[in-house]
Amino acid sequence: MRVLLTGGSGFIGSHIALLLLENGYDVLILDSFINSSSNVIKRIKIYLDSKDIKYKLETINGDIRDKKLLDSIFINSINENKPINIVIHLAGLKSVAESLIKPLNYWDVNVLGSLNLLLTMKEYECYSIVFSSSATIYGLCESLPIREDHKISPVNTYGKTKVAIENMLYDLYKSNKNLWKIISLRYFNPVGAHPSSMIGEDPIGIPNNLFPFLTQVAIGRQRMLQIYGDDWETNDGSGVRDYIHINDLAEGHLASLEYLNSKDSCLEFINLGSGHGYSVFQIIKQFEISTGCKIPFSIQSRRDGDIAKCYADISKAKRLLDWTPKRSLEQICLDGWNWQVNNPNGYS
Ligand code: NAD
Ligand code: UD1
């Protein structure tokens, strides 16, 4: 089974790549490295070699908007008698704040890039895709836990591009219901790192998200955590989110591939989260208990665009994919901490 993994060098893609390779999949990574390091690929290979795992991994440095490149990837795969059976599509831009400043970049990379990819897949008769969508498409959470049939109402450009791609996938499936096999996974908050500390999250510049900021405070790379509001309508006043271990998320992709393989055609939109909501204060407390680090923090005003609570109903993923998240919040804290301590400057 040969998988084209776009964005395979990024935070989520690298964990999926490693898991697929461990499970005998032949993986072709396409990444422009605009938000990742080529050291990721080296680390994946070192890890697999250290475990004496034989693997088939190829990497192409390129852009999903480059149609000629995509054509050549599919043509070469066919000519070499190792056609791409399935695509896992993660390549894209993901910063909410940046998407509001540079909206056209987001429409270009995320939407046109995805359109390009789908056109090429259709041309070369590859009809199976797993797409990385986001919980951000739900916008303001009106009922908790959030089910897949919750209203779709994104409040930022990044979220709107994810909705546009989901709509494209929907139309494509409806155009020929016997042909396409499509799963759109709506991730909640993927955090933590591979337990080996060989791969993990390495944001460029100052992290926007809670977890990487917290681990950088823990090693002294950032001075203090700013908590964005202690006056939310939650148990302790801080924001509540659904944090899922990155390896649980990666396993959700493996389960998705198995599901697609068992079907003649399908279209499913599926939440991937832990199914639990934790507040910022709870995260800090668990992190301090798990690692023995003290996290200095100060309370700031609410961040624009934030909401009080958001966590997933994951019953559909459990039912359809026979998948369940296995790692605890303690494991998330430990793996995230070990990655940061062993790689204080990330991959550089
Ligand atoms: P990431 O930035 O670490 O990985 C994305 C990868 O795509 C990077 O390696 C980047 O270099 C590559 N890329 C970007 N533009 C490209 C292009 N035009 N052509 C080829 N490669 C390109 O992000 P991530 O956290 O691993 O997220 C992966 C996917 O999951 C993204 O689509 C993101 O929107 C989605 N997602 C992420 C989260 C999250 O919290 N991390 C949550 C929901 C959804
Ligand atoms: C952010 C994105 C969301 C994306 C998700 C996963 C925004 C507004 N939303 O969501 O679209 O799907 O990441 O990538 O950017 N917090 C602090 N201090 C910090 C950072 C965060 O207190 O330094 C709080 C936030 O207010 C929130 C929680 O921690 O309550 C989690 O924040 P974050 O990690 O940024 O994730 P989301 O807000 O869920």
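Residues numbered from 1 in each chain as written. Chains lettered and ligands numbered in written order. Predicted model: local features only at pLDDT ≥ 70, side-chain atom pairs only at ≥ 80, totals over all residues. Heavy atoms only, no water.

(A) View of the overall build of the protein. If you tally the helices and strands in the protein, you get 11 helices and 13 strands. The C-alpha radius of gyration computed for the protein amounts to 20 Å, which stays within 12% of the reference 20 Å derived for 348 residues, consistent with globular compactness. Oriented by its inertia axes, the alpha-carbon framework of the protein measures out at about 60 × 45 × 40 Å. Across the 348 residues that make up the protein, the buried fraction comes to 56%. (Helix = DSSP H or I, 4+ residues; strand = E, 2+ residues; numbered from the N terminus. Rg over C-alpha atoms; globule rule 2.2 N^0.38 Å. Buried < 20%, exposed > 50% of the residue type's maximum accessible area, 1.4 Å probe, protein only.)

(B) Structural context of the site of ligand 2. In the vicinity of ligand 2 lie 17 residues, with L210, Q226, R241, R303 and D306 positioned nearest. Within the backbone of Y228, an N or O atom sits 3.0 Å from an oxygen atom of ligand 2. Between an oxygen atom of ligand 2 and a side-chain N or O atom of R241, the distance comes to 2.7 Å. About the coverage of ligand 2: the protein hides 87% of its 740 Å² of free accessible area. Among the elements that make up the shell around ligand 2, the one with the highest residue count is strand β8 (residues 225–228) (four residues). Class assignment of the residues belonging to the shell around ligand 2 gives a composition of seven nonpolar, seven polar and three charged. (Near = heavy atom within 4 Å. Polar contact = N/O pair within 3.5 Å; in protein donor to acceptor, adjacent residues only side chain to side chain. Areas by Shrake-Rupley, 256 points an atom, 1.4 Å probe, with all protein chains shown as cover. Nonpolar A, V, L, I, M, F, W, Y, C, P; charged D, E, K, R; others polar.)

(C) Region of the structure containing the pattern of salt bridges. By the definition in use, this model includes 20 salt bridges. Among the ionic pairs, E80 bridges to K82, the shortest N-O distance being 3.6 Å. Given a relative accessible area of 29%, K82 falls into the partly exposed group. A salt bridge links D231 to R302, with the nearest nitrogen and oxygen atoms 3.1 Å apart. Placement of D231 in the loop between β8 and β9 (240–241) and of R302 in the loop between β13 (297–300) and α10 (315–321) is noted, with a sequence separation of 71 residues between them. Residue D231 is classed as partly exposed on the basis of its relative accessible area, which comes to 47%. Here the salt bridges share partners, and the residues they tie into one network are R2, D26, E58, E80 and K82. (Salt bridge = Lys/Arg side-chain N within 4 Å of Asp/Glu carboxyl O.)

(D) A look at a nonpolar patch on the surface. On the surface, V96, L100 and I101 cluster together into a nonpolar patch covering about 300 Å² of accessible area. Mapped onto the elements of the fold, V96 is located in helix α4 (residues 96–101). (Patch = residues over 30% accessible without salt bridge, like charges linked within 9 Å, V, L, I, M, F, W, Y side chains within 5 Å.)

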